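Observations on the three-dimensional arrangement
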Amino acid sequence: MAAFQKLSGNPITDTIAQQLRHTDWQGLRFYDLIWPAFMLMTGLSLPFSYAKRSLHQTHGEILRRVLRRCVVLFLLGSLRESVKLNAPYLIELSSALQPIAIAYFAAFLLVRKTWQVQAAVGAFLLVGYGLALAPFGYARGANLVYYSDMAVLGRALPEGWGTAISTIPTIATTILGLLLGRLLMSPRPAGEKVRIVAAVGLAGVALGAALNPVVPVIQKLWTTSYGLASAGCSCLMFLFFYWVIDVRGLRRWAFPFVVIGMNAVAIYMAGSLVPLRRIIGIFTTPLAAGLGPFGALFQAVAVLAVEWLILYWMYRRKIFLTG
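I will try to describe carefully the structure that is included in this document. All values reported here derive from a predicted model rather than from experimental measurement. (Residues numbered from 1 in each chain as written. Predicted model: local features only at pLDDT ≥ 70, side-chain atom pairs only at ≥ 80, totals over all residues. Heavy atoms only, no water.)

1. Notes on helix α13 (residues 276-289)
- Taking 1.5 Å as the rise per residue, α13 with 14 residues should run 20 Å; its terminal C-alpha atoms sit 19 Å apart, in good agreement.
- Of all the bends in α13, the greatest reaches close to 50° and is centred on I282; the proline P286 follows between one and four positions later.
- What α13 keeps buried is the set L276, I280, G281, T284 and A288.
- On its buried side, α13 packs onto α14 (295-316). (Helix = DSSP H or I, 4+ residues; strand = E, 2+ residues; numbered from the N terminus. Expected span 1.5 Å × (residues − 1). Bend = angle between axes of the 7 residues up to and from the residue. Buried < 20%, exposed > 50% of the residue type's maximum accessible area, 1.4 Å probe, protein only. Contact = heavy atoms within 4.5 Å.)

Below is the structure:
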């Protein structure tokens, strides 16, 4: 889309390209929803995987497997950020993998609890985090998240990204996913499930917007209003796919996305560890030079196509790297 914008700048491409960049500080764009969507789906998948494994494994055996997987995900996050930052970083919670590992383990500890307990823990984390941040304000470089990073890690990320304590509210989004997973596994009619997820999603967006004048929506601090609004939007996005694929039964169109989703961790890591763009550029740059203003678009599409073909090759051979 950035290449489209360069090719022909107009209100439509300008708006889409803007939505594919993070908000500088306060506000909410589509790109700001990717991380919460990861957290929501992590929690949502947990009841399904636990039910499947509990058929032939004890809780202790599943716990050990989950713990092992969380450690692997955490270390993959360390590797990715160390390569990206060109220095060894064992703890770098700005990488989505490390918060996912922590939230996944926290959600697993609640997987056998009642939905009331799960909801109460999620609400407590979100409200408690919000109350802790409020006295310090939300200015960039002058907030509790920044002070905590300086105290715990001895450093803070540029652009105001928080890490240490801002991992806490991500657990609430994962717990919401856990609750949705329980709902989908229940014997309730599909129509009722759709209405409940829609209500939860709309309520999250509405509450986040209502809080925004007092508690600003800031992804880089994962403020309570951002947690509510982003979780609500993620619910609504999930609801669209659930309704189209599971309720309406329209599945074949989603196959390209299935190929990506089955190896999401692999392609996420490959973006930092394998210089695919540079390698592909060796072959596409001469062709792009002759395409004039379409050259950048051609190169962007070529990279995307090669990435997908690699994932498709792995899919056909049943090579799934899940951590």
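2. Remarks on the side chain of T173
- Residue position: T173 is located in helix α8 (residues 168-185).
- Excluding residues that lie within four positions of it along the chain, T173 makes contacts with P36, M39, L40, W222, G227 and A231.

3. A short note on the environment of L97
- Along the chain, the position of L97 falls in helix α5 (residues 97-108).
- The exposure class of L97 is buried, given its relative accessible area of 5%.
- On a C-alpha basis, the gap between L97 and S225 in space is 23 Å, while along the polypeptide they are 128 residues apart.
- When residues no more than four places from it in sequence are discounted, the contact partners of L97 are L73, L76, G77, Y268 and M269.

4. A look at the nonpolar core
- Membership of the largest hydrophobic core comes to 27 residues, with the highest contact counts inside it found for M39, L46, V66, L73, F108 and V111.
- Sort the elements by how many residues they give to this core and α5 lands first, with seven residues.
- Excluding its chain neighbours within four sequence positions, the residues that come into contact with F108 are L46, Y50, H59, I62, L63 and V66. (Core = buried A, V, L, I, M, F, W, Y, C linked by side-chain atoms within 4.5 Å.)

5. Things to note about a nonpolar patch on the surface
- Judged by side-chain polarity, M1, F4, I12, I16, L20, F30, Y31, I34 and F38 come together as a nonpolar surface patch covering roughly 770 Å² of accessible area.
- For the nonpolar patch, the elements supplying multiple residues, two or more each, are α2 (11-19) and α3 (34-53).
- With respect to the helices, strands and loops of the structure, L20 is situated in the loop between α2 and α3.
- When its relative accessible area of 37% is taken as the criterion, L20 is described as partly exposed. (Patch = residues over 30% accessible without salt bridge, like charges linked within 9 Å, V, L, I, M, F, W, Y side chains within 5 Å. Areas by Shrake-Rupley, 256 points an atom, 1.4 Å probe, with all protein chains shown as cover. Salt bridge = Lys/Arg side-chain N within 4 Å of Asp/Glu carboxyl O.)

6. What to know about the pattern of salt bridges
- Enumeration over the complete set of coordinates arrives at five salt bridges.
- Where D24 meets R140, a salt bridge forms, and the shortest distance between an N and an O atom there is 2.8 Å. In this pair, D24 sits in the loop between α2 and α3 while R140 sits in the loop between α6 (115-133) and α7 (144-152), placing the two residues 116 residues apart along the sequence.
- Among the ionic pairs, R80 bridges to E81, the shortest N-O distance being 2.7 Å. Side by side, R80 and E81 carry an identical accessibility label, which is buried.

Distances and angles like these do not, on their own, reveal function.
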